[in-house]
Each structure stands twice: as structure tokens, then as C-alpha cells.
Amino acid sequence: MEVRGEVFLPLAGFEKLNAERKSAGEEMFANPRNAAAGSLKQLDPKIVAKRPLDSSSYGIGTPNSDRCVPAANPTKAADSEIGAPNSQIELLNF
């Protein structure tokens, strides 16, 4: 089973991250999308943990399958139990 969703970097977090990088003399990120994608490619989990990433799930599926249980079912219940956000968009893939 896999939880399907998106990982993103909210604008406020992106601006804070870039300010920290500028202060440290590091290269700043071009945009939140690239910063989030680059964060997920990091090999050091300590670096990833320091980045203000957020996520939104939209369904539960199985690996190597196009089928997806819509977010109106188990993921919204599971997300609310652990306090995680979820997408307001409901996908129906049959």
C-alpha cells in the first residue's frame, strides 16, 4: 500500500529558508518547487528534517497500479487522526 500525495514548501517557509541560506553565504533556491524537489533528493535526513516542507495526501493506492481510493475515504480519516493536512481535491480513478 502507498499513500499518494504531494510534498510542497509553503511560500513563508521558502522565504525563511532562502534568508537563512543567504545569511550562511549559500546559494539561494530559485523557487519553492525546486527547493521542495531538491529537499526530497537529499541523502542526509537531517538536512531534510530542517526544511519547512509540508504535504497533502489525496489517496491510497498500491505500487505499480493506476487505481486509487479517493481522498474522501480512508486518507482523510487517517490524516485527521494524525493531524496531517489533506487535499480538498478528490480524485476518482477507476
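Cut-offs and rules
Residues numbered from 1 in each chain as written. Predicted model: local features only at pLDDT ≥ 70, side-chain atom pairs only at ≥ 80, totals over all residues. Heavy atoms only, no water. Helix = DSSP H or I, 4+ residues; strand = E, 2+ residues; numbered from the N terminus. Buried < 20%, exposed > 50% of the residue type's maximum accessible area, 1.4 Å probe, protein only. Contact = heavy atoms within 4.5 Å. Areas by Shrake-Rupley, 256 points an atom, 1.4 Å probe, with all protein chains shown as cover. Polar contact = N/O pair within 3.5 Å; in protein donor to acceptor, adjacent residues only side chain to side chain. Expected span 1.5 Å × (residues − 1). Arc of directions from axis to C-beta.

1. Side note on the overall build of the protein
Inference 1: What the protein contains, in helices and strands, is 4 helices and 3 strands.
Inference 2: Listed N to C, the secondary structure of the protein is β-α-α-α-β-β-α in terms of helices and strands.
Inference 3: Looking at the protein residue by residue over its 94 residues, the buried ones come to 26%.
Inference 4: For the protein, long-range pairs separated by at least 24 residues make up 55% of all intrachain contacts whose partners lie at least 6 apart in sequence.
Inference 5: Taken as a whole, the protein presents about 6,700 Å² of accessible surface, with 55% of it coming from carbon and sulfur.

2. Considering the environment of S39
Inference 1: Mapped onto the secondary structure, S39 falls in helix 2 (residues 32-40).
Inference 2: Assessed through its relative accessible area of 1%, S39 is described here as buried.
Inference 3: Expressed as a C-alpha distance, the spacing of S39 and K50, which sit 11 residues apart in the sequence, is 9.7 Å.
Inference 4: Contact partners of S39, with chain neighbours within four places excluded, come to V48, R51 and L53.
Inference 5: In terms of polar contacts, S39 uses its side chain to reach the side chain of R51, at 2.9 Å.

3. Remarks on the side chain of N18
Inference 1: Structurally, the position occupied by N18 is in helix 1 (residues 11-23).
Inference 2: By relative accessible area, which is 8% here, N18 ends up buried.

4. Thoughts on helix 1
Inference 1: Helix length check: helix 1, at 13 residues, gives a terminal C-alpha distance of 18 Å against a target of 18 Å (1.5 Å per residue), a fit within 8%.
Inference 2: What helix 1 keeps buried is the set G13, F14, L17, N18 and R21. An end-on view of helix 1 places all buried positions within 130 degrees of arc, on one side of the element. Facing away from the buried side of helix 1, by more than 90 degrees, are the exposed residues A12, K16, K22 and S23.
Inference 3: Looking at the buried residues of helix 1, the elements they touch are helix 2.
Inference 4: Just beyond helix 1, the residue with positive phi is G25, at close to 75 degrees.

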